[in-house]
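These are the residues of each chain, in order.
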Amino acid sequence: MIMNILPYSSVHFDDCQKILRSNIPDYIDPCEESKFVNYLSTANIIYFILVDSERLIACGGYGFNNKTQACTLSWGVVHNEFHNKGYGTQLLTYRLKHIKKRYGDIDVELDTSQKTYQFYEKFNFKVKKITYDFYGEGLDRYDMRLSN
């Protein structure tokens, strides 16, 4: 299967929203959907889609955080039908390479839940803080950082 990672555009909005919805409520609290919609509606976001020849499988981006002087990964989501098949790894690796090319050796941060933080640990992200029930009841926030 040929996978391509391409820049996001508004024509991908509905498919990205379907990907997010496929992860509600197991990985994403329903209240997060409006935040995702607002994010995708923001001008000048750095966001990508991972597609095969037939459909959009994953999406994710990043931005520069002036406060922490680090890049922050944003809304990395794989359709639930395609979990544990390497697509999240492909998209994360692409985003990290994109960050390195654009910013050099800069720290990268993210927040995720207790259900996915171990995925990021495989790439040397370290948990810096845990906030219980942050995203919703039973979905804790794990703030993580990759130091470069």
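See the structure printed just above.
The following refers to the structure shown. (Residues numbered from 1 in each chain as written. Predicted model: local features only at pLDDT ≥ 70, side-chain atom pairs only at ≥ 80, totals over all residues. Heavy atoms only, no water.)

### Observations regarding the packing of helix H1 (residues 13-21) against helix H2 (residues 32-40)
Okay, step 1: With their axes 11 Å apart at the nearest point, H1 and H2 run at an angle of 155° to one another. On the basis of the axis angle, H1 is roughly antiparallel to H2. The chirality of how H1 crosses H2 is right-handed. For the pair H1 and H2, the contacting residues are Phe13, Cys16, Gln17, Leu20 and Arg21 in the first and Glu33, Phe36, Val37 and Leu40 in the second.
Okay, step 2: Each residue belonging to the contact of H1 with H2 can be placed in one class, and the counts come to six nonpolar, one polar and two charged. (Axes fitted to C-alpha atoms, helices over the stretch in contact; angles between N-to-C directions. Helix = DSSP H or I, 4+ residues; strand = E, 2+ residues; numbered from the N terminus. Parallel < 35°, antiparallel > 145°, perpendicular 65-115°, else oblique. Left-handed = near helix turned anticlockwise from the far one by under 90°. Contact = heavy atoms within 4.5 Å. Nonpolar A, V, L, I, M, F, W, Y, C, P; charged D, E, K, R; others polar.)

### Comments concerning H2
Okay, step 1: Every buried residue of H2 is listed here: Glu32, Glu33, Phe36, Tyr39 and Leu40. Looking straight down H2, one finds its buried side chains confined to an arc of 120°; they lie on one side. (Buried < 20%, exposed > 50% of the residue type's maximum accessible area, 1.4 Å probe, protein only. Arc of directions from axis to C-beta.)

### Structural notes on the sheet that holds strand E7 (residues 139-146)
Okay, step 1: Read across the sheet, seven strands follow the order E1-E2-E3-E4-E5-E7-E6 without closing on themselves; strand pairing throughout is mixed. The open sheet terminates on both sides in strands that have one partner only, identified here as strand E1 (4-7) and strand E6 (126-136). Within this sheet the neighbouring strands show an average axis-to-axis angle of 25°, counted without direction.
Okay, step 2: Bridge count for strand E5 (residues 108-113) against E7 is six bridges, and the pairing is antiparallel. Residue pairing across strands places Glu109 opposite Arg145, the latter belonging to E7.
Okay, step 3: H1 rests against strand E2 (46-51), strand E3 (56-65) and strand E4 (70-78) of the sheet, and its axis sits at about 95° to E3.
Okay, step 4: Of the strands in this sheet, E2, E3, E4 and E6 are in contact with H2, which crosses E4 at around 115°. (Pairing = 2+ DSSP bridges.)

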